[in-house]
Amino acid sequence: MLIGSYDYSLVLLSLCVAILASYTALDLAGRIASARGLARSLWIVGGALAMGIGIWSMHFVGMLAFSLPIPLGYDLTITLLSLGIAMLASGFALWLVSQPELPAWQLGLGALAMGTGIAAMHYIGMAALRMQPGIDYDPLLFGLSLLIAVVASGAALWIAFRLRRDTPYVRVARAGAAVIMGVAIVGMHFTGMAAANFAEGSYCAAAGSGLGSGWLASLVVVVTLAVLAIALLTSILDARLEARTALLSQSLARANAELTELALHDGLTKLPNRLLLEDRIGQSILKVQRNGGHFALLFMDLDGFKPVNDAFGHHIGDQLLVAVAQRLRANLRAQDSLARIGGDEFVLLAELRQADDAASVAGQVVSLLSQPFRVDEHELRVSTSVGIAVYPGDGSNQQELLINADAAMYHAKGLGKNGYSFFERSMNTNARQQLQLLHDLRAALERGEFLLYYQPKFATGSERMIGAEALLRWQHPQQGLLTPDRFIGLAEKTGLIIAIGDWVLNEACRQMRLWYEQGRRDWRVAVNLSALQFCHGELVESVRRTLDRHGLPANCLTLEITESTAMHDVNASLAILEQLAGMGVDIAIDDFGTGYSSLLYLKRLPANELKIDRGFVRDLEHDGDDAAIVSAIVALGQALDLRIVAEGVETRQQQAFLTELGCDSLQGYLLGQPLPPEHLSAA
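Digging into the nonpolar core
Next, step 1: With 75 residues, the main nonpolar core has Leu557, Leu559 and Ile612 as its most contacted residues.
Next, step 2: No other element matches helix α15 (residues 497–517), which puts 10 residues into this core.
Next, step 3: Setting aside chain neighbours within four positions, we find leucine 559 in contact with Leu505, Val527, Leu529, Val543, Leu580, Val585, Asp586, Ile587 and Ala588.
Next, step 4: Core analysis: the next-biggest nonpolar cluster, separate from the first, contains 33 residues, Leu328, Ala358, Val361 and Val366 among them.

So, in structure tokens, the structure goes:
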């Protein structure tokens, strides 16, 4: 019997190839498990080629490591057949472990099929020697090699199935499993080699015409390593790309969730906004149409919120809104929805058993919000006016219900606030009038429908006219001459007040230029600035351009701002007022005593005048408190070296009292009503 020997360097190389092939197989199993559709099929085919070449290469290098004292060669056709069987067995294994589940019976049959395939690869590869006479196999070792092949295949399938998902340290686990699988595969191979017996006088029929062994080991190893490296590198890169894609998908999902949250919720209170509210109203309409019943929209507007904002600043106002939202939300029923739709306006969507139940819900809301709030060490009190629209009955869709609830809320405010009002059809008339007025207001500036009246100011004692206050009027084409109380609120809400304010400033300066040329060089024209106009970044430059346009000395112009506006953001107000004062423009603090006063800041403002509000002047003769307040304001103004102007003077007694106190100038119907400029010049 011929005695064979081994080249142990090739034996070690075959073991390394087996381990690398096992690791590649495990990694490819992970890629196939996460792939879908055509990509999954391509991974199985590509994996079968790479894994099959790896397993076959281990077998073939192991055979090349074996030598007999006779020349050896390998039949090319039979060798390629063994390679094909290795690929088929590998493809079957990869397909099997990519299934969602791997029950024990399926694992057993798979191990038997794969083990048979690997054993067939080995023994067909041995047949490629074409030994004459044929190879005699030891039955015990032959059976043991088959058993090892089946058990190793079962273990490989189970390990590949368990390690196919990307988990922490999965690559370390795959590396350890690859070593075990590689040793098992090599063990099966060399057990099969040990089972082979070669009779004395045997010769290899493929030695002359088949593949030689001198250069073949190097070629097989190089090609195999290249194939496995490409497969493994592709798998790793694909895994990283998939991980990156998954990360990007998660980031995109989070971003979409955040955008949805921002799109459907109020940023300050985190309550649903108008968009989400309208969707929920639509769902409630469908529910009522399907099942019957009622629901109500309670449109809430906070009474007294603006004074809180003016007195304590927007940061306190924002905290108050959050506190209101939290209190309302804490007392919500599970089936109700609360939304903030802007400013200090909230809407409650409440399901009802009976339509009249809306009154009970509204009463609870009014009572709830009338209790004081504790915000940043301040005890704040507000109330709410609630308008109620009930479905069905008060509207057929979301927009109609909201509009009608809003109209009812304004009616509740008109009744004295801190209460609620159900919608009535007559309320829509007023709402439509307001909408029409807003439409007309947008076009009024272009049509030249605004004009200025001027109310004269007189020096006390001499009753000499020293100037006039410009008062805006709107010559409405249908409603006639309108005073500011009819439209200024709308202009401020819509931002039109900026453009209107610029027109007033320009027109007042144009008229003052005419008076200046007529010799009225000691006059001053006063222009009121709205809070929105005062905060506008272009105010200073607009005043400068207007004065330059009309060639008017700056001291001919007095800009009046309310006390609340000046105190809203003191540092910003100081910066604006100092620029205006630096130009030479006079600054008057209007409605003094009605807002949130701070003497510390007042003395820092570069003001020239204090205007006593007409509310204090009106009851001077009958109210001792008002007389005391006016006296205090005059004394304060004189201490700060400010001119004192009293407005709203309508009786001789008021005129005498204010003159005696030391007011510098007076303004009111007693002395002169607002008039067009041509009448004022002639007066």
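Having seen it, we continue.
Considerations on the pairing of strand β21 (residues 643–647)
Next, step 1: Among the 5 residues that make up β21, 4 are buried, leaving the element largely enclosed by the rest of the structure.
Next, step 2: Relative to β21, strand β20 (residues 609–612) runs parallel, the two sharing 4 bridges. Opposite isoleucine 612, over in β21, you have alanine 646 as the bridge partner.
Next, step 3: Bridge analysis of β21 against strand β22 (residues 665–667) gives 3 bridges, and the strand direction is parallel. Within β22, the position partnered with alanine 646 by the bridge is leucine 666.
Next, step 4: Assessed by its sense of winding, the connection that carries the chain from β21 through helix α23 (residues 652–661) to β22 is right-handed.

So, the sheet that holds strand β13 (residues 419–422)
What holds strands together in a sheet is hydrogen bonding between their backbones, with the strands either parallel or antiparallel.
Next, step 1: The sheet built from 5 strands is open, its strands ordered β8-β9-β7-β12-β13 with mixed pairing. The two strands at the open ends of the sheet, each matched to only one other strand, are β8 (337–342) and β13. Adjacent strand axes in the sheet meet at a mean angle of 25°, parallel and antiparallel pairs treated alike.
Next, step 2: Bridge analysis of β8 against strand β9 (residues 345–352) gives 5 bridges, and the strand direction is antiparallel. By the bridge assignment for β9, alanine 339 is matched with valine 347.
Next, step 3: Those strands touched by helix α11 (residues 357–369) are β7 (294–303), β9, β12 (383–391) and β13, and its axis lies near 160° from that of β12.
Next, step 4: Each of β7, β9, β12 and β13 touches helix α12 (residues 398–414); the most contacted strand, β12, lies at about 140° to it.

Description of unusual backbone geometry
Next, step 1: Residue proline 133 is reached from glutamine 132 by a cis peptide bond, and omega for that bond is -10°.
Next, step 2: Examined against the element boundaries, proline 133 turns out to sit in the loop between β3 (131–132) and β4 (136–137).
Next, step 3: Residue proline 392 is bonded to the preceding tyrosine 391 through a cis peptide linkage, with omega at 0°.
Next, step 4: Among the structural elements, proline 392 can be located in the loop between β12 and α12.
Next, step 5: Its identity as a non-glycine residue notwithstanding, lysine 270 has a phi of 65°, on the positive side.

Description of the layout of surface pockets
Next, step 1: The space that makes up the second largest pocket amounts to roughly 320 Å³.
Next, step 2: Lining the second largest pocket are 18 residues, with Asn331, Arg333, Asp336, Val361 and Gln364 positioned closest to its centre.
Next, step 3: Every element with two or more residues in the lining of the second largest pocket is listed here: β9 and α11.
Next, step 4: If one sorts the elements of the lining of the second largest pocket by residue count, α11 sits on top with 6 residues.
Next, step 5: Tallied by class, residues from the lining of the second largest pocket come to 9 nonpolar, 4 polar and 5 charged.

About the cut-offs
Residues numbered from 1 in each chain as written. Predicted model: local features only at pLDDT ≥ 70, side-chain atom pairs only at ≥ 80, totals over all residues. Heavy atoms only, no water. Core = buried A, V, L, I, M, F, W, Y, C linked by side-chain atoms within 4.5 Å. Buried < 20%, exposed > 50% of the residue type's maximum accessible area, 1.4 Å probe, protein only. Helix = DSSP H or I, 4+ residues; strand = E, 2+ residues; numbered from the N terminus. Contact = heavy atoms within 4.5 Å. Pairing = 2+ DSSP bridges. Right-handed = clockwise from strand over helix to strand, strands pointing away. Axes fitted to C-alpha atoms, helices over the stretch in contact; angles between N-to-C directions. 1 Å grid on protein atoms, 1.4 Å probe; cavity = no way out; pocket = protein on both sides within 12 Å on 5 of 7 lines; lining within 4 Å. Points joined across faces, edges and corners; volume = space filled by probe spheres on them. Nonpolar A, V, L, I, M, F, W, Y, C, P; charged D, E, K, R; others polar.

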